[in-house]
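# Coordinates in review
Spelled out from the first residue to the last, the chains are:
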Amino acid sequence: MDSKEDVELLEKLVGQLQSLYAEIGALSKKSPNDAVNPFKLKLINKVLKMGNDVLGENYKPFEEFDQFDGDDAPSTSDVTMVISQYMEEAERFRSDNVKQEHGAWYYLFQGELSDIRSGPPTKIGRKR
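Small disclaimer: the values here were computed from a predicted structure and weren't measured.

Before going further, it helps to examine the sheet that holds strand β3 (residues 112-118). The pairing of strands in a sheet happens through backbone hydrogen bonds and is either parallel or antiparallel. Here three strands make up an open sheet; going across it, the order is β1-β2-β3 and the pairing antiparallel. Looking at the sheet topology across the chains shown, the edges are occupied by β1 (98-101) and β3. Neighbour-to-neighbour, the strand axes of the sheet open up by a mean angle of 50 degrees, direction not taken into account. As paired strands, β1 and strand β2 (residues 104-109) are joined by four bridges and run antiparallel to one another. Directly across from Val98, in β2, lies its bridge partner Tyr107. Against the sheet, helix α1 (residues 4-30) engages β2 and β3, with an angle of about 115 degrees to β2. Its contacts with the sheet put helix α3 (residues 76-96) on β1, β2 and β3, and the angle it makes with β1 is roughly 40 degrees.

Have a look at this one:
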């Protein structure tokens, strides 16, 4: 990460992924094979595009996947599975970009400690 704006984008991404996961996950439990409607799919794809931009190639969950095809109408369970993978990688990215200093966690900008506080990492180790 390079700036406060990068942190804000990451935190926005995490919040939107969590919200989508809760919403689509609830639909998936009721009817896992039902298709996601075009309006929701458009919003989901916008969040996935932001995820691809924020996470970059090193943390993108699937090499050949960028977003859902609007003509394909994915099921709620498919969407839930993909969103959960983006959530995992977003947290791995965040965890790899925080450091503890004097008992508090801070984001790193280009490997250097910033003054922006964070929660502790939940992922152990770095992705290779």
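All right, on to the packing of aromatic side chains then. According to the stated counting rule, one finds three aromatic pairs in the structure shown. Note on Phe62 and Phe65: the rings are 6.2 Å apart at their centroids and 85 degrees apart in plane angle, and the pair reads as edge-to-face. Members of the aromatic cluster, joined through ring pairs, are Phe62, Phe65 and Phe68.

Reading guide: rules and limits
- Residues numbered from 1 in each chain as written.
- Predicted model: local features only at pLDDT ≥ 70, side-chain atom pairs only at ≥ 80, totals over all residues.
- Heavy atoms only, no water.
- Pairing = 2+ DSSP bridges.
- Helix = DSSP H or I, 4+ residues; strand = E, 2+ residues; numbered from the N terminus.
- Axes fitted to C-alpha atoms, helices over the stretch in contact; angles between N-to-C directions.
- Contact = heavy atoms within 4.5 Å.
- Phe/Tyr/Trp six-rings, centres within 6.5 Å; stacked < 30°, edge-to-face > 60°.

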